[in-house]
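Listed below are the residues making up each chain.
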Amino acid sequence: MPNYKLNTAIAYLKGVGPNRAILLKSELGIHTFGDLINFFPNRYIDRTQFFKINQLQNNTSEVQIIGKITTIKTVQQKRGSRLAATFTDGTGTMELVWFRGAKWIKDALKINTPYVIFGKTNFFNGLFSMPHPEMELLVDYKKSLRTAMQPIYPSTEKLTNKGISNKIVSKMIQNLFEEVQGDFTETLSASIINELHLISKKEALLNIHFPQNQELLTKAQIRLKFEELFFIQLQLIRKKLVRKSKIKGFNFEKVGDNFNNFYTNKLPFHLTNAQKRVLKEIRKDLGSNAQMNRLLQGDVGSGKTIVALLTMLIALDNGFQAALMAPTEILATQHYNSLVALLEGLNISIKLLTGSTKTKERRIIHEQLENGTLNILIGTHALIEDKVKFKNLGIAIIDEQHRFGVAQRSKMWQKNQLPPHVLVMTATPIPRTLAMSVYGDLDISVIDELPPGRKEVKTAHRYDANRLSVFKFLKEEIAKGRQVYVVYPLINESEAMDYKDLMDGYESIAREFPLPNYQISIVHGKMKPADKEYEMQRFINGDTQIMVATTVIEVGVNIPNASVMVIESAERFGLSQLHQLRGRVGRGAEQSYCILMTSFKLSADAKIRLNTMVDTSDGFKIAEVDLKLRGPGNLMGTQQSGVLNLCIADIVKDTQLLKKARAIAIDVLTKDPLLKLPENNFIRIAYQEISKNSTIWSNIS
Ligand code: ADP
Ligand code: MG
């Protein structure tokens, strides 16, 4: 039986009331008893430790001190007054300060009586002070029962200002435990609890809020983290199972002429082993009677396009149409051109639909799509407009998936009675652990191998002081016939500073690489598109040797002869951006280089980013580091995912628990898909509760 008391509105809890309830809702999202129980401390303070005033250091956080107040005075200030008390413990003197409630506090304070005070200290003008200390008379402190580790709950400025201190939150939770009588129902099965040596739900909740000791606290954390991750995985995997069993897909039984003919006669290279493996995974899905919903990850240049084409050919072989959607017109056009070239001589009709497709052409496309004479449609968002109707869309492939919103992705589904197979491709590597959570209901394929013959881009970090030797190197490369990018950061295109950096840089390069021996292109966001295009074209033609640019070149530029990438103020770029920029070189047969320029002044994070770039070119390793540095919420493609609003677990730190939770969730659902077995009773009840108000159904369907 679930504990219905936990659904009670928080206002009814002793010590809360209507006003505090409003604050708890707006500031912390706590609406019910159950929400408060699941509001966990983010750290604990050892209250067995006492400080002496002469031990205080500038940087101490919260401290606990025993001492007495000797004098109290009211100090007039510009706005109102503040109360200041001199506090001493025999080793030194400090000041206790109140800015609010001075009158009331002054009456309550006792002079020359031992107190235990607790709070954060400030250091100013040679004197330590503690604003709004928590205070308790030493005699009371000794009498009261307390845990060694005091929980500290997350708070907000507003809560603090309205007097809802940590002590008060803690008290509310204590009241809650008394109200509910510690009666929290178990949510996991006995076999899981035994297998992982977990403590019970009840013990865990008690010890997360009122830890008896460090050991029990750790056990409580493990139990609650596991539970949180387990139920997320349970939902994701169940969703996947439902899709596989209930959502029928088109069965592409055969591989026919289109595929075979292309594979034998037209394929311009041998597939890498990774490409072959991924293709096999896709073929298995397509022939399984269930709808495919697969994520294909592969670094820039790993060869995803050819996999997409071969997949589309299988659809054609089974009498279906195929669509490929890209996020920008440039990329859609690029795909269209390369596929048209690859398919030359084969009897396959393929068309491009973007925002700039003319009305007349558009009408033809609509018509041919509906009567089935058009086999493959490439395009941008224009593909998912309501007017675009397919006769029989068998597969939808979405490139650079993270740029599309959830709604757009799911729209591709609604094109038929039966959903087409869906393959989403992304070049932004998502660390496995994150993929498990964010895309846990998708199947994942990875191309983890670059086509042969690619040379790794040599990457170095240089300080501005070494600029001359860098210029010398550039001259040597240019003398060999190579071309060079010099990229400036662009935090905000409208910022005058960025523009000035770029122009200063351009001038110093123009001085160092003078006409007529050197020609320089410059491209930045303030230029008209036609001018940009012109400058770009000069570089593509090889008329200029150096391209000075802001990050506009990040997308869609492919110039194999450009083999040196210089990134200025590299410390200002994020890791994924650095990785993308470096991906612009290393496209030809020559050895390529990436030079990261910085000043000597570097933050700890910036050093890690630079070292990572120098050490590895593996997109997945880089993504892992990025995840550790920035947290999951900032990574591409994760913003839309409710999966990341975790109460206690941490996707980055709790990888092992996540893997275990996933494995066990798979195991449970494989044996008991509907959670009907008596041993899974607790799980089923908790699962139903959670799914009622769950926000994690944000993925593809
Ligand atoms: P991405 O995964 O970034 O979309 P592409 O599909 O554009 O990569 O492939 C990058 C380049 O590598 C293309 O020029 C493509 O023709 C080439 N390529 C792809 N697969 C192979 C392979 N197995 N052997 C050699 N070249 C390949
Ligand atoms: Mg691509």
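The paragraphs below set out a description of the structure included in this document. As the structure is a prediction and not an experimental result, all values here were calculated from the model. (Residues numbered from 1 in each chain as written. Chains lettered and ligands numbered in written order. Predicted model: local features only at pLDDT ≥ 70, side-chain atom pairs only at ≥ 80, totals over all residues. Heavy atoms only, no water.)

As for the site of ligand 1
Stage number 1. Contacts to ligand 1 come from 14 residues, most closely from H270, G301, K304, T305 and R454.
Stage number 2. The separation between a nitrogen atom of ligand 1 and a polar main-chain atom of H270 is 2.8 Å.
Stage number 3. In this structure, an oxygen atom belonging to ligand 1 sits 3.4 Å away from a main-chain N or O atom of S302.
Stage number 4. Compared with its free state, where it exposes 560 Å², ligand 1 has 67% of that area covered by protein.
Stage number 5. Residues belonging to the shell around ligand 1 are distributed by class as follows: 4 nonpolar, 7 polar and 3 charged. (Near = heavy atom within 4 Å. Polar contact = N/O pair within 3.5 Å; in protein donor to acceptor, adjacent residues only side chain to side chain. Areas by Shrake-Rupley, 256 points an atom, 1.4 Å probe, with all protein chains shown as cover. Nonpolar A, V, L, I, M, F, W, Y, C, P; charged D, E, K, R; others polar.)

Examining the packing of helix α8 (residues 201-209) against helix α9 (residues 214-246)
Stage number 1. Orientation of α8 relative to α9, taken along the N-to-C sense of each, is 120°, at an axis distance of 8 Å. On the basis of the axis angle, α8 is oblique to α9. Crossing hand, α8 versus α9: left-handed. From α8, K201, A204, L205, N207 and I208 reach across to α9, where they touch L216, L217, A220, Q221, R223, L224 and E227.
Stage number 2. Residues that form the contact of α8 with α9 fall into these classes: 7 nonpolar, 2 polar and 3 charged. (Axes fitted to C-alpha atoms, helices over the stretch in contact; angles between N-to-C directions. Helix = DSSP H or I, 4+ residues; strand = E, 2+ residues; numbered from the N terminus. Parallel < 35°, antiparallel > 145°, perpendicular 65-115°, else oblique. Left-handed = near helix turned anticlockwise from the far one by under 90°. Contact = heavy atoms within 4.5 Å.)

A word on the sheet that holds strand β20 (residues 546-549)
Stage number 1. Taking strand neighbours across the sheet as the criterion, the 6 strands line up as β17-β22-β21-β18-β20-β19 in an open arrangement whose pairing is parallel. Each edge of the sheet is formed by a strand with only one pairing partner; in this case those strands are β17 (458-463) and β19 (520-523). Looking at each pair of strands side by side, their axes are set apart by 20° on average, direction ignored.
Stage number 2. Alignment of β17 against strand β22 (residues 593-598), held across 6 bridges, turns out to be parallel. (Pairing = 2+ DSSP bridges.)

Thoughts on the environment of I664
Stage number 1. With respect to the helices and strands, I664 occurs in helix α23 (residues 655-671).
Stage number 2. When the C-alpha positions of I664 and R243 are compared, they lie 20 Å apart, and in sequence the two are 421 residues distant.
Stage number 3. When neighbours within four sequence positions are excluded, I664 is seen to be in contact with I192, E195, L196, F226 and F230.

Quick look at the nonpolar core
Stage number 1. One finds F262, M312, L343 and I376 to be the most contacted residues of the largest nonpolar core, which totals 43 residues.
Stage number 2. No other element matches helix α12 (residues 304-317), which puts 10 residues into this core.
Stage number 3. Sequence-distant contacts of F262, defined by excluding residues within four places in its chain, comprise D257, L267, I306, L309, L310, L313, L342, L343 and L346.
Stage number 4. Of all hydrophobic cores here, the second largest spans 34 residues; its members include V180, F210, A220 and I648. (Core = buried A, V, L, I, M, F, W, Y, C linked by side-chain atoms within 4.5 Å. Buried < 20%, exposed > 50% of the residue type's maximum accessible area, 1.4 Å probe, protein only.)

Considering the packing of aromatic side chains
Stage number 1. Counted according to the given criterion, the structure contains 15 aromatic pairs.
Stage number 2. Between F177 and F210 the ring centres are 5.6 Å apart and the planes differ by 80°, which places this aromatic pair in the edge-to-face class. Placement of F177 in helix α6 (residues 166-180) and of F210 in the loop between α8 and α9 is noted, with a sequence separation of 33 residues between them. A single burial state applies to F177 and to F210, both of which are buried.
Stage number 3. Plain terms: the ring middles of F473 and Y593 are 4.9 Å apart, the flat faces sit at 85° to each other, and that makes the pair edge-to-face. Here Y593 lies in strand β22 and F473 lies in helix α17 (residues 467-479), a separation of 120 residues in the sequence.
Stage number 4. An aromatic cluster is built from F177, F184 and F210, whose rings are joined through pairwise contacts.
Stage number 5. Here the basic side chain of R283 rests over the ring of F259, its NZ or CZ set 5.8 Å away from the ring centre.
Stage number 6. Residue placement shows K475 over the ring face of F513; its charged tip is 5.3 Å from the ring centre. (Phe/Tyr/Trp six-rings, centres within 6.5 Å; stacked < 30°, edge-to-face > 60°. Lys NZ or Arg CZ within 6 Å of the ring centre and 35° of its normal.)

What about the sheet that holds strand β11 (residues 321-325)?
Stage number 1. Strand order in the open sheet formed by 7 strands is β12-β13-β11-β14-β15-β10-β16, and the pairing between neighbours is parallel. In the strand order of this sheet, the two ends are held by β12 (350-353) and β16 (443-447), each with one partner. Pairs of neighbouring strands in the sheet enclose a mean axial angle of 20°, with direction left out of account.
Stage number 2. Pairing of β11 with strand β14 (residues 393-399) involves 5 bridges; the strand directions are parallel. Residue pairing for β14: M325 is matched across the bridge by I398.
Stage number 3. The sheet strands contacting α12 are β10 (293-298), β11, β13 (376-379), β14, β15 (421-426) and β16, and the helix crosses β14 at an angle near 170°.
Stage number 4. Where helix α14 (residues 359-371) meets the sheet, it contacts β11, β12 and β13, and its direction lies at approximately 130° from that of β12.

A look at the pattern of salt bridges
Stage number 1. This model, assessed by the stated rule, comprises 23 salt bridges.
Stage number 2. In this structure, the salt-bridge partner of D501 is R572, at a minimum N-O distance of 3.4 Å. One end of the pair, D501, is in helix α18 (residues 496-512); the other, R572, is in the loop between β21 (562-567) and α20 (575-582), with 71 residues separating them in the sequence.
Stage number 3. Its relative accessible area of 24% is what places D501 among the partly exposed residues.
Stage number 4. With relative accessibility at 33%, the residue R572 sits in the partly exposed group.
Stage number 5. Here the salt bridges share partners, and the residues they tie into one network are E186, K201, R223 and E227. (Salt bridge = Lys/Arg side-chain N within 4 Å of Asp/Glu carboxyl O.)

By themselves, these are just geometric observations and shouldn't be taken as functional.
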